[in-house]
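What the coordinates show
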Amino acid sequence: LPSGRPTFTTMLDCCKGAYGGQSSGICLSMLPSPPTTSPTDVGELDVYYADYDQPAWPLGFCINTRPLPSGRPTFTTMLDCCKGA
């Protein structure tokens, strides 16, 4: 470690402290979960859809997790999803 150089406890702190003005964003892009200019929503969806990734129809169920697969029918309640899917 070169003498006189600042040290940081996290990579994010290092990017902010040593490369805060970096226009390329390379330091931030190297983070395990880098920030994005188009953040995605978090939490559960307000609708339910059938989880078609199950191995067989008798094992299927409805979920409301992100992301919502494109073209998937949605339902306002889990019960409606289970009945309609």
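Details of the structure are given in the entry above.
If you're wondering where the values come from, they're calculated on a predicted model, not measured in any experiment.

1. Digging into the side chain of Asp-51
With respect to the helices and strands, the residue Asp-51 is situated in the loop between strand 1 (49–50) and strand 2 (62–63). Although Asp-51 lies buried, it forms no salt bridge, and the closest oppositely charged side chain, Arg-72, sits 5.3 Å away as judged by the N-O distance. At 3.2 Å, the side chain of Asp-51 forms a polar contact with the backbone nitrogen of Asp-53.

2. Thoughts on the state of the cysteines
Scanning the entire structure with this criterion turns up 2 disulfides. Between the sulfur atoms of Cys-15 and its disulfide partner Cys-27 the distance amounts to 2.0 Å. Across the disulfide from Cys-15 to Cys-27, rotation about the S-S bond amounts to roughly -85 degrees, and the bridge is consequently left-handed. Pair noted here: Cys-15 is in helix 1 (residues 11–19) and Cys-27 is in helix 2 (residues 26–29), with a separation of 12 residues, a long-range link.

Conventions adopted
- Residues numbered from 1 in each chain as written.
- Predicted model: local features only at pLDDT ≥ 70, side-chain atom pairs only at ≥ 80, totals over all residues.
- Heavy atoms only, no water.
- Helix = DSSP H or I, 4+ residues; strand = E, 2+ residues; numbered from the N terminus.
- Buried < 20%, exposed > 50% of the residue type's maximum accessible area, 1.4 Å probe, protein only.
- Lys, Arg positive; Asp, Glu negative; His and termini not counted.
- Salt bridge = Lys/Arg side-chain N within 4 Å of Asp/Glu carboxyl O.
- Polar contact = N/O pair within 3.5 Å; in protein donor to acceptor, adjacent residues only side chain to side chain.
- Disulfide = S-S within 2.5 Å.

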